[in-house]
Amino acid sequence: MQCMGKNDHEAVRAVLGGDKEAYGALVMRHSQSLFRVAFRITGNEADAEDVVQEAFLRGYQRLESFESRSKFGTWIYRIAVRCALDRIGVRKADDSSRVADEADPEQEQVQVADKAAGPDRLLLSGEIGALQDLALRSLTATERTAFVLRHMEDCTGEEIGAALGIPANAAKQAVFRAVRKLRSRLAPLRVMR
Amino acid sequence: MKHLNEEELIEVYYKSGTVDAGQHLEACAECAEAYAALRSDLNEMKFAAPPTRSAAYGERVWQSIAPLLPAYEAPRRSWLSAGLWRGLSYATACALLVVGAFFAGSLWEHNRSKTTAGGNPPQAPEHVAPPQQRIVVVVLSDHLDRSERLLVELKHADAGSEEMVSPLRDEARSLLAANRICRQNAAKIDDPALATALDHLDHLLGELANQPGGVNAATITRLQDEMNADGLLFQVRVLRSRIPEQQAAKAAQSKEGEI
């Protein structure tokens, strides 16, 4: 997931030993990857920047709980994912939409219709990418995050589960649901190919 | 043949499918077609790439959060661990002291015994005597005890009974050696009463043990008379009764010396 070396652990030890500036090296080393995943989850540049800052702040506050046998990059990456989920109101949205997803397949279409400006219009204007982004944003936060981590960040089921705080199997199921929904919603695009 | 479901196909796409699923795809045209459609859909999903950030982005993030971060305090040793270390140090020092003292004592004792064996006995200081004195007192106490019993038996012995006389003679022989040691010690410590009593006892024991031709009735009677005339049994009893007092007095002296 991330590329880390010994320097991360040395920096963490230095920070815990009172050298606050050592944390700057960690921030500079991991900001780009955190911004990337934060943007993919939030879909918003400003939110992603806020998520990066918040993740590093939370990481600093919890640094004493960081276990040296794990990688700092992985650890702060998970914190960033949590921050991103918090940012988009994961809890509320996830709970309500999950119930809706399981209970009434028809409601999926309603959700898409509510948020989309209309597939035909988007297709006509050639904004295929925008339609895909729209379809992605129509997923629940958990599904979207699981899909982003699997499809774009190449994370394993275990890594996704750890980042989301759910079992690996539940993370896989979230990916399956996301793929199924995306294929369903982007089916009209197949005609244009 | 059981076909792969969509979840299994998705796992194959993300390279987390089973070997069996891969083999099935090669063998099953229907599943291969379904997988091709899935792969096409997923490959076509080109989401907006995240905006690029300059190399200075990390520095900018750090500058924005640095003022909000309090520095961690350098870890200090807790009083518990400090106390533990101090205690361990003291314990180690004490252990070394004890070992050193033991070693020094052993060396000193070794040198002292060498010097003594070399025929140049040092003048024993007075305070060295107590252990030996204690042993002598114990030996003397035991000796007087046995002697008293012998004298009592002798006093009441039937001169004509060989059964009674024979054990008396054996016991007298056994007591002779101890009596000589006690006499020597009595001479050293300048105790005239003890020395006199032990002299009388020595004479009687010698007579009893070494009578030529064995102990006969006449000898027994004579010894009984001598014993009664000297009041030997009484002297032995008195001496025996003094021993606890002597021990107490010596113990007190020893304590005073230590103080």
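Residues numbered from 1 in each chain as written. Chains lettered and ligands numbered in written order. Predicted model: local features only at pLDDT ≥ 70, side-chain atom pairs only at ≥ 80, totals over all residues.

Peer 1: So what exactly am I meant to see when it comes to the overall build of chain A here?
Peer 2: Counting its regular elements, chain A contains 12 helices and zero strands. Its helices and strands in sequence order give chain A the pattern α-α-α-α-α-α-α-α-α-α-α-α, from N to C terminus. Burial statistics for chain A: of 193 residues in total, 41% are counted as buried. A sequence separation of at least 24 residues applies to 67% of the contacts in chain A between residues at least 6 apart. (Helix = DSSP H or I, 4+ residues; strand = E, 2+ residues; numbered from the N terminus. Buried ≥ 20, exposed ≤ 12 C-beta atoms within 10 Å, placed from the backbone. Contact = placed C-beta atoms within 7 Å.)

Peer 1: Looking at this structure, how should I read the overall build of chain B?
Peer 2: The helix and strand tally for chain B stands at 10 helices and zero strands. Start at the N end of chain B and walk to the C end: the helices and strands fall as α-α-α-α-α-α-α-α-α-α. Each of the 259 residues in chain B was classed as buried or not, and the buried ones make up 15%. Counted over contacts in chain B with a minimum sequence separation of 6, partners at least 24 positions apart contribute 66%.

Peer 1: I keep staring at unusual backbone geometry and nothing clicks. Help me out?
Peer 2: Working note: non-glycine residues mostly have negative phi, and peptide bonds are mostly trans. Notably, Asp154 of chain A is not glycine yet its phi reads approximately 60 degrees, a positive angle. Given 11 C-beta atoms within 10 Å, Asp154 of chain A falls into the exposed group.

Peer 1: How should the nonpolar core be read in this particular structure?
Peer 2: Generally speaking, a soluble globular protein has its nonpolar side chains buried in company with each other. Residues Ala38, Val52 and Ala80 of chain A are the most contacted members of the largest nonpolar core, which totals 59 residues. Broken down by element, the residue count for this core peaks at 10 residues, all from helix α4 (residues 72-87) of chain A. Of all hydrophobic cores here, the second largest spans 24 residues; its members include Val165, Leu175, Leu198 and Val236 of chain B. (Core = buried A, V, L, I, M, F, W, Y, C linked by C-beta atoms within 7 Å.)

Peer 1: Explain the interface of chain B and chain A to me, please; I cannot follow it from the model alone.
Peer 2: Many descriptions give the size of an interface as the accessible area lost when the pieces come together. Facing the 28 residues of chain B at the interface are 36 residues of chain A. When residues of the side of chain B that touches chain A are traced back to their parent elements, those giving at least two are α1 (6-13), α3 (29-44) and α4 (57-65) of chain B. Top contributing element to the side of chain B that touches chain A by residue count: α4 of chain B, with seven residues. Partitioned by chemical class, the residues of the side of chain B that touches chain A number 18 nonpolar, three polar and seven charged. (Nonpolar A, V, L, I, M, F, W, Y, C, P; charged D, E, K, R; others polar.)

Peer 1: Help me understand the packing of helix α2 (residues 22-42) of chain A against helix α3 (residues 45-61) of chain A, please; the structure alone is not making it clear to me.
Peer 2: Relative orientation and spacing of two packed helices are given, respectively, by the angle between their axes and the distance between those axes. All names here are of chain A. Direction vectors running N to C along α2 and α3 enclose 135 degrees, while the axes themselves pass 8 Å from each other. Comparing the axis directions of α2 and α3 gives the class oblique. Two packed elements cross with a definite hand, and for α2 against α3 that hand is right-handed. When α2 is examined against α3, the residues Tyr23, Val27, Ser31, Leu34, Phe35, Ala38, Phe39 and Thr42 are found in contact with a partner set consisting of Glu45, Asp47, Ala48, Glu49, Val51, Val52, Ala55, Phe56 and Tyr60. A per-class count over the contact of α2 with α3 returns 12 nonpolar, two polar and three charged. (Axes fitted to C-alpha atoms, helices over the stretch in contact; angles between N-to-C directions. Parallel < 35°, antiparallel > 145°, perpendicular 65-115°, else oblique. Left-handed = near helix turned anticlockwise from the far one by under 90°.)

Peer 1: Is there a simple way to explain the confidence of the model for chain A in this structure?
Peer 2: Low-pLDDT stretches of the model should not have their predicted coordinates read in fine detail. Residue and element names in this part refer to chain A. Residues of chain A with pLDDT of at least 70 account for 75%, and the chain-wide mean is 80. Taking the mean pLDDT of every element in chain A, the minimum, 41, falls on helix α6 (residues 106-115) and the maximum, 94, on α3. The low-confidence segment residues 1-5, where pLDDT is below 50, has 13 contacts with residues more than four positions distant or belonging to other chains. (pLDDT = per-residue confidence, 0-100.)

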